[in-house]
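Next come the chains, spelled out residue by residue.
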Amino acid sequence: MLAVVLAGLIIFAAAGTTSRLIQDDYCYAAILRGPFFERQLTSYLQETTYSANRYSLTLGMGVSGLFGPVSVQILPAIILVLWVIGLYLLLTELARRYEWQRMSSLEYWLVAALLVFLTLALTPNWIQVFYWRAGMLPYTAPLVSGTWLFWLVLRTARTNRFKLLSLAAIFLLAVLSGGFSETAGAVLVVLTGLTLFVALIRANTQRSLITPLTAAFIGSVTALALLILSPSTSLRLKGLYGGHAPWADVAVNSLKGGLRFFYDLLYDRPLYVAGAFLIFTTVGYLLQRAGVTSSKPVAGLKNLLILTLAIYAITVAAMAPSFYAEASAPGDRALNIPVFFAVILLAAWASALGRWIASRPAQWPMFCVAAGLYFVSLTWIIIGGSYLSAPFLPAIYHFPEQAPPLYWAVLSGGLLLIAFLTLKFKGQWTLALLAASVIALMAGHIALQYPVLAFRADQWDMRDQQIQAAANQGQREVTVRALDSLVGIADLNLNAEFWVNHCAAAYYRLDKITVVEPVLDPIRIEVP
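A. Layout of a nonpolar patch on the surface. Taken together, the side chains of Leu-59, Val-63, Leu-66 and Phe-67 make up a nonpolar region of the molecular surface, amounting to roughly 390 Å² of accessible area. Structurally, Val-63 can be placed in helix 4 (residues 55–66). On the accessibility criterion, Val-63 (36% relative accessible area) is partly exposed.

In structure tokens, the structure reads:
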């Protein structure tokens, strides 16, 4: 199973190599060009075409810009590697601290890789938060740095080595993590605050965590304050939205938005959610069968309910900045942060179910899991892409009439075979194989989008060379073919006065860039 998950992550990384400059990327590249630290400070203090108060985002874009346009192609792979390694280290540190029975290294790598892969698979628009640099840094990078932050907190609490230096590093990493976006800042304040609160009320057993968590909490509050107090924040708020929503409305809408988020995740992406739940159920089952259990179980019903409430609070925090500034729910890319915590919640409940099934003598619960995995796989293969993100109720209502006779025949035959394998034998390998097939199908959906992204990258490179050649010849105004927008990310517009056109012209040191139809990339990605 680990090999299939890693193959899926490699597919994501390969898709990332097709990334090119688009929308805000041009603005950052043009405005941040010049003396590095001077541009960083000026950007924070003045209003720009992008959210300049997000100082960590500006820093990340500036550092990336030092390596030229090629950095946008390698950054996705770097993010993946750092994220998986960080989660692996965090999981091993948690196991060491809470005296969980140790899993093997491969099993820790499997869980870490699954959390990353399924977050990108379930997020509403993976292209906006992974392929696009200006969306990846504010909404995926804080998940990576936050993972390393909590690993450092746990390690500092355990070792007590170089404590002052470690506390300073925790504070600075919290300031960095919270400064990528308002969503990241609000979530980090709530997350560090909740964990600090738990450590305080359980001080008899968690005393060593109090000091490093306090440093993390102070750092996260500092980050949110820096985001709010930036001069560009008030200017942008008044210029774009005319002011913020009333606090009472923000509170009520955020609480409702937190519930709506979980409803929409299930309603809009039923196969993904069902597949992820069954995959983690299988992992829990296999680990229990292998004797990998906790000597102090953390998956009891009480702890699961507490975890559910905590993640709901984190989700509410993720909703608040958008309801405050825009009086509306967050856009797709901002939902990547709560999706990660939703995947953690899904993993906790599903793995607990899997361990419970493995502890029962009856075989029929295992058959139900295997049947569910088979149903998801078969529906994905035969019914097609419309069910990958189809609204749940309409999809179920029309399912019988849309499913071809072949589907029902293969489904019936497969269920009989699975029943024989699971009820007659232990059938653990059947579960692992079916779970791996669901992961492969999720990865395959991304792989099918790779040719479209690669073709678009080739067309972008051709257009880039054309623009640079014209600029080198001394032309001040250039006309080129248009590229289509990419799942909500704008490219150069037919209107030469469009803000992206202005940023692109500044990037290429031109006065004006005009684009004309037909577009260079007529094939579009409809379901990212």
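Back to the text.
B. Quick peek at the pattern of salt bridges. Tallied over the full model, the rule gives nine salt bridges. When the shortest N-O distance is used, the salt bridge between Arg-20 and Asp-461 registers 2.8 Å. Note that Arg-20 is positioned in the loop between helix 1 (2–16) and helix 2 (24–31) and Asp-461 in helix 21 (residues 428–472), a separation of 441 residues in sequence. Given a relative accessible area of 25%, Asp-461 falls into the partly exposed group. Arg-96 is paired through a salt bridge with Glu-93; the nearest N and O atoms lie 3.2 Å apart. Here the residue Arg-96 and the residue Glu-93 both occupy positions in helix 5 (residues 71–97), the gap between them amounting to three residues, near one helical turn. On the accessibility criterion, Arg-96 (37% relative accessible area) is partly exposed. The exposure class assigned to Glu-93 is buried, which follows from its relative accessible area of 2%. Several salt bridges share partner residues, and in doing so they unite Glu-93, Arg-96 and Arg-158 into one network.

C. View of empty space enclosed by the protein. For the structure shown, the criterion picks out one cavity of 30 Å³ or more. By volume, the largest cavity is sized at about 80 Å³. Around the largest cavity, the lining residues are Val-452, Leu-453, Arg-456, Asp-484, Ser-485, Leu-486, Val-487, Asp-521, Ile-523, Arg-524 and Ile-525. Classifying every residue of the lining of the largest cavity by side-chain character gives six nonpolar, one polar and four charged.

D. Structural detail: the state of the cysteines. On inspection of all chains with the given rule, the structure shows one disulfide. Between the sulfur atoms of Cys-27 and its disulfide partner Cys-503 the distance amounts to 2.1 Å. Residues Cys-27 and Cys-503 are joined by a disulfide whose S-S torsion is about 95°; by sign, that bridge is right-handed. Here Cys-27 is found in helix 2, whereas its partner Cys-503 is found in helix 22 (residues 499–507), with 476 residues between them in sequence. Assigned by exposure class, Cys-27 and Cys-503 land together as buried.

The rules behind each value
Residues numbered from 1 in each chain as written. Predicted model: local features only at pLDDT ≥ 70, side-chain atom pairs only at ≥ 80, totals over all residues. Heavy atoms only, no water. Patch = residues over 30% accessible without salt bridge, like charges linked within 9 Å, V, L, I, M, F, W, Y side chains within 5 Å. Areas by Shrake-Rupley, 256 points an atom, 1.4 Å probe, with all protein chains shown as cover. Salt bridge = Lys/Arg side-chain N within 4 Å of Asp/Glu carboxyl O. Helix = DSSP H or I, 4+ residues; strand = E, 2+ residues; numbered from the N terminus. Buried < 20%, exposed > 50% of the residue type's maximum accessible area, 1.4 Å probe, protein only. 1 Å grid on protein atoms, 1.4 Å probe; cavity = no way out; pocket = protein on both sides within 12 Å on 5 of 7 lines; lining within 4 Å. Points joined across faces, edges and corners; volume = space filled by probe spheres on them. Nonpolar A, V, L, I, M, F, W, Y, C, P; charged D, E, K, R; others polar. Disulfide = S-S within 2.5 Å.

By themselves these figures say nothing about function.
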